[in-house]
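Here is how the chains run, residue by residue.
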Amino acid sequence: MPPHLLSRPLPDAIKTELERLFLDKVIANLGLCVSVYDIRSIEGGSIHPGEGCSTYKVSFRLLMFKPFNGEVLVGRIIGYDDKGLQVSLDFFSDISIPGHLMQFGTVRGPDGRWMLKTEDGDELYLDLDDEIRFLVSSTKYPPIPIDQKEDDPPFAPMQIVGSIKGDGLGLLAWWAADEEEGRRRQSKSNSIVLL
Amino acid sequence: MKIQKANAGILTNFEVLDFLRTRGAKVDPMGCLGLLLHQSVYEYLLKTPACNQTRESIYEFVKRSEGFMLAEADKLNVINWRPSSAADAYAMIEECGKRFSRDYRGEACDEDKRVQEFLDMVKEVLPPPPPKAEAEAMQE
């Protein structure tokens, strides 16, 4: 606990310090820390020789973003390349949906966009900013690289792999037809009803 | 730092939203108040069905879903995303067809009918998400 925080009430000061340490950081295998949930106990308060800060033993709980395998999430498409789609949840953007986990029959179109050809011959494109519902297939926590070249993509400590292979998955627009509100939403390329 | 328990419990989107509200997150058009991550997560969750759920409706749902023999993961998906069609249910419930091929007594039954019973219960118990803003309609 650095000296400049010692004038504040102890639980507040400790919460600030914990947030500084953990908020918006990924802990391997535990996920992204979204918040300090609560502080369960604080012990100690001793000062080690040669230091200005007091040391406490704190037991606390963190609120983590860690979707389980099989959890459904809805995000926006923010990019695509030859491997698949990139999806963002606004607060978290390292989500990829690889080609082999897309609906059967999805291929890359001539302009680079991924496209699903339905049995009726409709071409359903997966465009930037489309809302997409996917299943979490796995979450990886790659080790921090030692060297990074100039044009390497920024390191992502937590990478979610999603799947849109299955009923009800894929663009929300594909499945939102004749809801109780009685509205029909147009998808970007066609108006379709999928059973 | 020592990890005492890697997983102390799972929270629904509603519980996280509620927690962030108590921490003072609010809709902030200026984009300068509050911790940035809290704000992003809060705004994301406001766009999901969790935005107008209540604790009571979730308890009610858990009680009423007893007979459907869902796994915890399935219940979480359903609470977070409120399926309204059979396709939604199949996305959110693992092995949906198999699970709904038997009713609460364990006897075989028509899975489509059972899925519909489940969806009707969800429609009744969990509040529908508010209709998307008119701006969406104009965009199309």
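On a predicted model such as this, the values are computed, not experimentally measured, just so you know. (Residues numbered from 1 in each chain as written. Chains lettered and ligands numbered in written order. Predicted model: local features only at pLDDT ≥ 70, side-chain atom pairs only at ≥ 80, totals over all residues. Heavy atoms only, no water.)

Caption draft 1: Quick look at unusual backbone geometry. Even without glycine at this site, A:Asp24 takes up a positive phi of about 65°. Checked against the element boundaries, A:Asp24 lands in the loop between helix 1 (10–22) and strand 1 (26–27). Exposure remark for A:Asp24: the relative accessible area of 48% places this residue in the partly exposed category. Positive phi, normally seen in glycine, also occurs at B:Glu95, with a value near 55°. Along the polypeptide, B:Glu95 turns up in the loop between helix 5 (86–92) and helix 6 (96–99). For B:Glu95, a relative accessible area of 46% puts it in the partly exposed group. (Helix = DSSP H or I, 4+ residues; strand = E, 2+ residues; numbered from the N terminus. Buried < 20%, exposed > 50% of the residue type's maximum accessible area, 1.4 Å probe, protein only.)

Caption draft 2: Seen up close, the UniProt feature "domain: RNA polymerase III subunit Rpc25" (unreviewed entry) in chain A. The UniProt entry lists residues 71–175 of chain A under the feature "domain: RNA polymerase III subunit Rpc25" (unreviewed entry), expressed in the numbering used here. In this annotation, residues 71–175 of chain A is assigned 4% helix and 44% strand; the end-to-end C-alpha distance for the span is 18 Å. (UniProt positions renumbered as here; feature names shortened; annotations may be inferred.)

Caption draft 3: Expanded view of the domain arrangement of chain B. Residue and element names in this part refer to chain B. Domain boundaries assigned for chain B yield domain 1 (13–51 + 130–139) and domain 2 (55–125). Across the boundary between the two partners, domain 1 contributes seven residues, which contact five residues of domain 2. Summing the contributions of domain 1 and of domain 2, the shared interface buries around 590 Å²; its carbon and sulfur component is 54%. Contact with domain 2 buries surface across domain 1, with Asn 13, Phe 14 and Pro 49 losing the most and accounting together for 69% of the total. Taken together, the links from domain 1 to domain 2 amount to one salt bridge. The partner of Arg 55 in a salt bridge is Asp 18, with the nearest N and O atoms 2.9 Å apart. Summed over the shared surface of domain 1 and domain 2, the number is two residue pairs in polar contact (both at pLDDT 80 or more). (Domains from an automatic or database assignment. Contact = heavy atoms within 4.5 Å. Buried area = accessible area lost by both parts, 1.4 Å probe. Salt bridge = Lys/Arg side-chain N within 4 Å of Asp/Glu carboxyl O. Polar contact = N/O pair within 3.5 Å; in protein donor to acceptor, adjacent residues only side chain to side chain.)

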